[in-house]
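# Structural overview for review
Read off the chains here:
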Amino acid sequence: MTDIVEIEIVGFSDSSCGPFPCDGDRTCELEKCAPSENLVKAFEALSERIKYIFGSNVALKLTLIDDGIPDHIVRIIEEIHPPIPIVIVNGRVTPIGRISLPQIREEIERAL
């Protein structure tokens, strides 16, 4: 257990927030970014909701890899080949592969 959960979302500035269409059937529970399907807008919407739910117990970071990939992300891509967006919780790559409030909330609750 930890006091602060660190969430890192990795992708391109023009990436989609996930593999599913942004319509009335979406399960991400984020409305503020709809219907853009844009990773950056979805990250902003997620950040707002996570901070509302968990306050300062969660630190969120968006790592855009348009102009270069940090070494720790290179290692993850080479070893695991995760889908983009990559969702990392406390240094551990999750199988989420999209911006989804319910799934990310579950990962946070496990880590707290």
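My aim in this report is to walk through the structure given alongside it, one point at a time. All values derive from a computational prediction rather than experimental measurement. (Residues numbered from 1 in each chain as written. Predicted model: local features only at pLDDT ≥ 70, side-chain atom pairs only at ≥ 80, totals over all residues. Heavy atoms only, no water.)

Glancing now at the pattern of salt bridges. All chains considered together, the criterion is met by 6 salt bridges. Measuring nitrogen to oxygen at the nearest pair gives 3.6 Å for the salt bridge that ties Glu106 to Arg110. Here Glu106 pairs with Arg110, and both are found in helix 3 (residues 101-111), just 4 residues apart, close to one helical turn. Classification of Arg110 as exposed rests on a relative accessible area of 57%. By sharing partners, the salt bridges in this structure join Arg92, Glu106, Glu107 and Arg110 into a single network. (Salt bridge = Lys/Arg side-chain N within 4 Å of Asp/Glu carboxyl O. Helix = DSSP H or I, 4+ residues; strand = E, 2+ residues; numbered from the N terminus. Buried < 20%, exposed > 50% of the residue type's maximum accessible area, 1.4 Å probe, protein only.)

A few words now on the packing of helix 1 (residues 39-54) against helix 3. Between helix 1 and helix 3, whose axes approach to 11 Å, the crossing angle comes to 40°. It follows that helix 1 is oblique to helix 3 by the angle criterion. The two elements helix 1 and helix 3 meet at a crossing, and its hand is right-handed. For the pair helix 1 and helix 3, contact is made by Leu46, Arg49, Ile50, Ile53 and Phe54 and by Leu101, Ile104, Arg105, Ile108 and Glu109, respectively. (Axes fitted to C-alpha atoms, helices over the stretch in contact; angles between N-to-C directions. Parallel < 35°, antiparallel > 145°, perpendicular 65-115°, else oblique. Left-handed = near helix turned anticlockwise from the far one by under 90°. Contact = heavy atoms within 4.5 Å.)

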